[in-house]
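Secondary and tertiary structure notes
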Amino acid sequence: MIVLRAAMQEALSRRILGIGAAVSVAFVGLFWLGFSTAFSRVAADTSDEFATIAASTVMTVLGLYAVQFLAAFLAILLAAGSIAGELESGRALQVLARPVPRWSWLLQRTAAFGGLSVAYVVLMTIGVLTVAGAVGGYGALSPVRAIGLMSLEVLVLVSIGVALSTRLGTVATGVVVVALYGLAWLAGIMEFVGRTIDNASVERIGVAVSLLMPSDALWRGASFHLQSPAFLLAPDTGVGIPFAAVDPPSGRLIAWALLYAAAMLAFAVRSLRRRDL
């Protein structure tokens, strides 16, 4: 647990967390301003209750779409230097010279950075949903499930970053994980477009790429639970929002993401064990 506490203190002392906290507070404030202004305008322009619900749903999901981007990049930045940074600076040798197993050192650092990423997801999601609920009476389908899936998304990113960090430098690890994250985002767009234009080939390509990097698929699963039940049940939302899902995530996706993260950590442990320090 000593390594875990040290890793938490190290992460908290980084400027990235201070800057991230400031940006996050500003983001929630800006979301409140934008949501309250847009909601008031829509409510004043129409008496159609569904139009108000639809506008609230789109604005809330869009806000949380931005939150998951912020959380993903925080996870990547924390994980990229989790191992490589310690090896490059020589601090890892000072710790591993003591009777601390390499696997324990790695997993404790992973737990610290993964925990911080999950805490960020939880706080930011609660913040956005609280604003939407207070201003527009918005109620998501299942916030708890959504937070769970978004948390799993950042844990997958942390596990990939830690695994690559055992072999690559900090900058190289960050670049590779960001590229993979962007590839997953593109796969999600391809899947949506394929479903919209009824092109099974494009949709299958998107699904296949999502299996190689399930981050965007997890977000889309979370987005289903973040939408209003009334919006999901409306007959004219068969296609849905481009950055959200109209169907609940499958159990196979969740199981695959858990297995994926576990496999990345197993690779990281094996890679670090074999590395010559």
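To be clear, the structure that these remarks concern was listed above.
Residues numbered from 1 in each chain as written. Predicted model: local features only at pLDDT ≥ 70, side-chain atom pairs only at ≥ 80, totals over all residues. Heavy atoms only, no water.

With that settled, the discussion passes to the packing of aromatic side chains. To describe a pair of aromatic rings, you give the distance between the ring centres and the angle between the ring planes. Evaluation of the coordinates by the stated rule reveals eight aromatic pairs. Between Phe-31 and Phe-35, the aromatic rings sit 5.5 Å apart at their centres with planes inclined by 35°, giving tilted as the arrangement. In this pair, Phe-31 and Phe-35 both sit in helix α2 (residues 15–45), four residues apart, roughly one turn of the helix. Of the two residues, Phe-31 and Phe-35, both sit in the buried class. Aromatic pair Tyr-65 and Phe-243: ring centres 5.1 Å apart, planes at 20°, arrangement stacked. In this pair, Tyr-65 is assigned in helix α3 (residues 49–80) and Phe-243 in the loop between α11 (229–233) and α12 (251–274), connecting sequence segments 178 residues apart. By the burial criterion, Tyr-65 is buried, and Phe-243 matches it. Site record: aromatic cluster; members linked through ring pairs are Tyr-65, Phe-69, Phe-73, Tyr-181, Trp-219 and Phe-243. (Phe/Tyr/Trp six-rings, centres within 6.5 Å; stacked < 30°, edge-to-face > 60°. Helix = DSSP H or I, 4+ residues; strand = E, 2+ residues; numbered from the N terminus. Buried < 20%, exposed > 50% of the residue type's maximum accessible area, 1.4 Å probe, protein only.)

What follows deals with the packing of helix α7 (residues 143–165) against helix α8 (residues 170–196). Relative placement of two packed helices is described by the angle separating their axes and the distance separating the axes. For the pair α7 and α8, interaxial distance at closest approach is 9 Å and the crossing angle is 140°. For the element pair α7 and α8, the recorded crossing hand is right-handed. For the pair formed by α7 and α8, the contact residues are Glu-153, Leu-157, Ile-160, Gly-161, Leu-164 and Ser-165 on the first element and Thr-173, Val-176, Val-177, Leu-180 and Tyr-181 on the second. Its residues placed into classes, the contact of α7 with α8 shows seven nonpolar, three polar and one charged. (Axes fitted to C-alpha atoms, helices over the stretch in contact; angles between N-to-C directions. Left-handed = near helix turned anticlockwise from the far one by under 90°. Contact = heavy atoms within 4.5 Å. Nonpolar A, V, L, I, M, F, W, Y, C, P; charged D, E, K, R; others polar.)

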